[in-house]
Every structure is written in structure tokens, then in C-alpha cells.
Amino acid sequence: MFQLFELILSSPIGAFVFAGVQDALYAIIIASDCDECGFNDLGKLLFGGMLAAILAGVIVSVLIRRMKERAPASSGFVSIRSPVDDKSR
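Here's a quick rundown of the structure. Each residue is numbered by its place in its chain's sequence as written, counting from 1. Two thresholds apply to this predicted model, a pLDDT of at least 70 for residue-level local features and 80 or more for giving and counting side-chain atom pairs, whereas whole-chain, interface and lining totals are computed over all residues. To get the side-chain values, take all heavy atoms of the structure and skip hydrogens and water.

Turning to the overall build of the chain, a few remarks are in order. Helix numbers and strand numbers start at the N terminus; a helix is a DSSP run of H or I with at least 4 residues, a strand a run of E with at least 2. Helix and strand counts for the chain come out as three helices and zero strands. Helices (α) and strands (β) of the chain occur, in sequence order from the N terminus, as α-α-α. Only protein chains enter the accessibility calculation, which uses a 1.4 Å probe; a residue whose area is less than 20% of its type maximum is buried, one above 50% is exposed, and one in between is partly exposed. For the chain, buried positions account for 1% of its 89 residues. Total accessible area on the chain is roughly 9000 Å²; 68% of this is exposed by carbon and sulfur atoms. The method behind every accessible area is Shrake-Rupley, applied with a 1.4 Å probe, and residues are considered shielded solely by the protein chains displayed.

What follows is the structure, given as C-alpha cells:
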């Protein structure tokens with residue numbers, strides 16, 4: 001697995017993607033830099049993000065289930081016979 005990761009990073013596309021991710025992380029760090037933020041604030045943000053992710057997952061699951069219930073029920077039986085009568089017999 002490590003060899004695959006190393007091959008991806010050594011390729012030009014992998015290096016480009018990695019550089020983009022690194023630049024995005026630096027931008028996030030610079031944008032979120034505040035002197036008043038402490039560890040407790042970061043813990044609250046982490047907990048809030050986790051709750052938001054769980055809530056989003058539950059909402060998406062409920063919506064998908066409702067969409068499946070509204071869809072017309074498909075038959076569990078599949079016929080291999082042709083619906084057209086063959087009169088040549």
C-alpha cells in the first residue's frame with residue numbers, strides 16, 4: 001500500500017494534487033488564525049462538526065429511503081418467455 005502511495009506522489013499528477021492539497025491547508029490555517037481561539041474552541045468546533053456530519057447523514061438516509069418508497073414497486077419476478085405468441089408451432 002505504501003508503494004502505491006509513493007508511486008502516486010512521484011507521478012506528475014500526484015505531485016500536482018498533493019501541492020494543491022498542501023496549498024489549501026495553508027490557506028485554511030491562515031484564514032482560521034485568530035489570537036482568541038483556544039483549545040476549548042477547537043474542541044467545540046470538532047464536536048459541532050461531528051454532530052453536523054451525523055445529522056447530514058441521517059437526513060440523507062431518510063431522504064433516500066423516502067425516494068425509494070415513492071418509486072413504483074418493481075416486480076421481483078422476471079419472465080423469460082416472450083410476450084408475443086409464436087404461431088409457427
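Bringing the packing of helix α1 (residues 2–10) against helix α2 (residues 12–31) into the picture now. Structural elements are reduced to axes, namely lines fitted to C-alpha atoms, with helices fitted over the stretch in contact, and the angle between N-to-C directions of any two is expressed from 0 to 180 degrees. At a closest axis distance of 4 Å, the pairing of α1 and α2 adopts a crossing angle of 85 degrees. When the axes of α1 and α2 are compared, the pair comes out roughly perpendicular. For the pair formed by α1 and α2, the contact residues are Ile8, Leu9 and Ser10 on the first element and Pro12, Gly14, Ala15 and Phe18 on the second. Classifying every residue of the contact of α1 with α2 gives five nonpolar, two polar and no charged. Working rule for angles: under 35 degrees goes down as roughly parallel, over 145 as roughly antiparallel, 65 to 115 as roughly perpendicular, anything else as oblique. Here, two residues are considered to be in contact whenever any of their heavy atoms come within 4.5 Å of each other. Residues are grouped as follows: nonpolar covers Ala, Val, Leu, Ile, Met, Phe, Trp, Tyr, Cys and Pro; charged covers Asp, Glu, Lys and Arg; every other residue, Gly included, is treated as polar.

This next bit is on a nonpolar patch on the surface. Patch building starts from residues that exceed 30% relative accessible area and form no salt bridge, then joins like charges within 9 Å and nonpolar side chains (Val, Leu, Ile, Met, Phe, Trp, Tyr) within 5 Å. Within this document, salt bridges are pairs made up of a side-chain nitrogen of Lys or Arg and a carboxyl oxygen of Asp or Glu, the two lying within 4 Å of each other. A surface patch of nonpolar side chains, amounting to about 650 Å² of accessible area, comprises Ile13, Phe16, Val17, Val21, Leu25 and Ile28. Residue Leu25 is classed as partly exposed on the basis of its relative accessible area of 49%.

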